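Architecture at a glance
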Amino acid sequence: VFIVINFYLKGMRNSCSTFDNSYGLMNYNRYVPIPECIINIVTSVLIAEWIGPAGIFIGTTISTITTSLWREPYVLFKYGLKSSAAKYWKRFMLYAALTLGMYGLTMWIIGITHAGFVVSILLVILIPNLIIILLFYRTSEFAYVKNLAGKVIHRIHTH
């Protein structure tokens, strides 16, 4: 679970990192890796001693949340976009809640159906993607991704 959480957090941070680089704001965050590393090592070791290897991933999650997860958007919005990050955080929380909801619903359906491994994999693929399509099919972001996917599929078929 914490491997997936870390992957999710990294993915959510990518947009800020891209803009930070574009705006040349890396200097503002140059010291963030130091406390992030210290927090990661200390929490990972302490939690790993308590619950085992999973503690390492929990420590990584803690270090990310307590440092770069909030710092990178703060710098981007304050020094790059020169606006409030409130809308960003509302959307971040909405997406996090949606992701947790999709996870919960998917696991609940798998649990009540007593699905086997192959069916569980299919449900894990289908349920979240159907929810995303239903909720976002009218957004400009969805249209962009759909267009991009169409171009990729067209390229594959022409080669």
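Check the entry above for the structure.
Residues numbered from 1 in each chain as written. Predicted model: local features only at pLDDT ≥ 70, side-chain atom pairs only at ≥ 80, totals over all residues. Heavy atoms only, no water.

Here we look at the pattern of salt bridges
- Inspection of every chain in the model, using the stated rule, returns 2 salt bridges.
- Glutamate 72 serves as the salt-bridge partner of arginine 13, at 2.9 Å between the closest nitrogen and oxygen. Of this pair, arginine 13 sits in helix H1 (residues 2-23) while glutamate 72 sits in helix H4 (residues 68-80), and the two are 59 residues apart along the sequence. You'll find arginine 13 and glutamate 72 in the same group, each marked buried. (Salt bridge = Lys/Arg side-chain N within 4 Å of Asp/Glu carboxyl O. Helix = DSSP H or I, 4+ residues; strand = E, 2+ residues; numbered from the N terminus. Buried < 20%, exposed > 50% of the residue type's maximum accessible area, 1.4 Å probe, protein only.)

Quick notes on the packing of helix H5 (residues 86-113) against helix H6 (residues 117-136)
- H6 packs onto H5 with a crossing angle of 140° between their chain directions and a minimal axis gap of 10 Å. Comparing their axes, H6 and H5 come out oblique. Crossing geometry of H5 relative to H6 is assigned as right-handed. Contact residues: Tyr95, Leu98, Met102, Leu105, Thr106, Met107, Ile109, Ile110 and Thr113 in H5; Ser120, Leu123, Val124, Ile127, Pro128, Ile131, Ile132, Leu135 and Phe136 in H6.
- Split into classes, the residues belonging to the contact of H5 with H6 amount to 15 nonpolar, 3 polar and no charged. (Axes fitted to C-alpha atoms, helices over the stretch in contact; angles between N-to-C directions. Parallel < 35°, antiparallel > 145°, perpendicular 65-115°, else oblique. Left-handed = near helix turned anticlockwise from the far one by under 90°. Contact = heavy atoms within 4.5 Å. Nonpolar A, V, L, I, M, F, W, Y, C, P; charged D, E, K, R; others polar.)

Some thoughts on the nonpolar core
- Counting residues in each nonpolar core, the largest one holds 11 residues, listed as Leu9, Met12, Cys16, Leu25, Leu69, Val75, Leu76, Phe77, Ala85, Tyr88 and Phe92.
- Put simply, the parts of the chain that give this core at least two residues each are H1, H4 and H5.
- No other element matches the 4 residues that H4 contributes to this core.
- Leave out the neighbours within four places in its chain, and phenylalanine 92 touches Tyr8, Leu9, Met12 and Leu69. (Core = buried A, V, L, I, M, F, W, Y, C linked by side-chain atoms within 4.5 Å.)

Notes on helix H3 (residues 54-66)
- Helix length check: H3 (13 residues) gives 19 Å between terminal C-alpha atoms against 18 Å at 1.5 Å per residue, within 8%.
- Looking at H3, one finds that the buried residues are Gly55, Ile58, Gly59, Thr61, Ser63 and Thr64.
- Close packing links the buried residues of H3 with H1, helix H2 (33-51) and H4. (Expected span 1.5 Å × (residues − 1).)

As for the side chain of asparagine 6
- Residue position: asparagine 6 is located in helix H1.
- Within polar-contact distance, the side chain of asparagine 6 engages the side chain of threonine 61 at 2.7 Å.
- Setting aside residues up to four positions removed in sequence, asparagine 6 forms contacts with Phe57, Thr60 and Thr61. (Polar contact = N/O pair within 3.5 Å; in protein donor to acceptor, adjacent residues only side chain to side chain.)

Just geometry here; none of it tells us what the structure is for.
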